[in-house]
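Architecture and fold: a report
Spelled out, the chains give:
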Amino acid sequence: MENNKRYEAGLDAMEELFSQDVRNGMEGIKNISPDLWEMIVSFGFGDLYSRNTLSYSQREIITLTTLITQGAFDQLRVHLQAALNVGLSKEEIIEIIIHCAGYVGFPKAVHAMGIAGEIFEEA
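Owing to the predicted nature of the structure, the values given are computational and were not obtained by experimental measurement. (Residues numbered from 1 in each chain as written. Predicted model: local features only at pLDDT ≥ 70, side-chain atom pairs only at ≥ 80, totals over all residues. Heavy atoms only, no water.)

1. Examining the pattern of salt bridges
As enumerated under the stated definition, the model contains three salt bridges in all. One salt bridge connects Glu27 with Lys30, and the closest N-O pair in it is separated by 3.8 Å. Note that Arg77 is salt-bridged to Glu118, the shortest N-O span being 2.9 Å. Of this pair, Arg77 sits in helix α6 (residues 73-85) while Glu118 sits in helix α8 (residues 106-122), and the two are 41 residues apart along the sequence. In this structure Arg77 comes out as partly exposed when scored by relative accessible area, which is 28%. (Salt bridge = Lys/Arg side-chain N within 4 Å of Asp/Glu carboxyl O. Helix = DSSP H or I, 4+ residues; strand = E, 2+ residues; numbered from the N terminus. Buried < 20%, exposed > 50% of the residue type's maximum accessible area, 1.4 Å probe, protein only.)

2. Some remarks on the layout of surface pockets
Left-over empty space is what a probe sized like a water molecule reveals as it rolls over the atoms. One number sums up the size of the largest pocket: a volume of about 440 Å³. If you go around the largest pocket, you meet 17 residues; those closest to its centre are Phe45, Thr63, Leu67, Gln75 and His79. Here the residues of the lining of the largest pocket are counted per class, giving ten nonpolar, five polar and two charged. (1 Å grid on protein atoms, 1.4 Å probe; cavity = no way out; pocket = protein on both sides within 12 Å on 5 of 7 lines; lining within 4 Å. Points joined across faces, edges and corners; volume = space filled by probe spheres on them. Nonpolar A, V, L, I, M, F, W, Y, C, P; charged D, E, K, R; others polar.)

3. A word on helix α1 (residues 3-17)
Its 15 residues place the ends of α1 21 Å apart at the C-alpha level, agreeing with the 21 Å of an ideal helix rising 1.5 Å per residue. Residues of α1 that are buried include every one of Arg6, Tyr7, Ala9, Gly10, Ala13, Met14 and Leu17, and no others. The buried residues of α1 occupy an angular sector of 165 degrees when projected down its axis, which confines them to one face. Across from the buried face of α1, at angles greater than 90 degrees, the exposed residues are Lys5, Asp12 and Glu15. The secondary structure elements touched by the buried residues of α1 are α2 (20-26), α4 (34-49), α5 (56-70) and α6. (Expected span 1.5 Å × (residues − 1). Arc of directions from axis to C-beta. Contact = heavy atoms within 4.5 Å.)

This is the structure we're talking about:
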């Protein structure tokens, strides 16, 4: 896919996943490093999220799981919001976190559940 099309596809995916407030916050990266912003939009969302086989909700299940595994809790917060935006229920998200406890340990799962609780209250 041509670079401009990748970038536009990435912006479209981000619009579907994230609220305007979240997207505005993410764009702060553009001021620090336009190159990294281009990579995030074109590759992260244009190439990965815009593929056809998996739905956005399936991709968010994978993303939530990997972020919990890494302990990447700042990114987990925005992807929990994205998961709700693309149709995952609170119950499904809770079950994902519980399931992760067996593989990543209770400290990460408990931390993730606390963040999820905050996001659920905001939603």
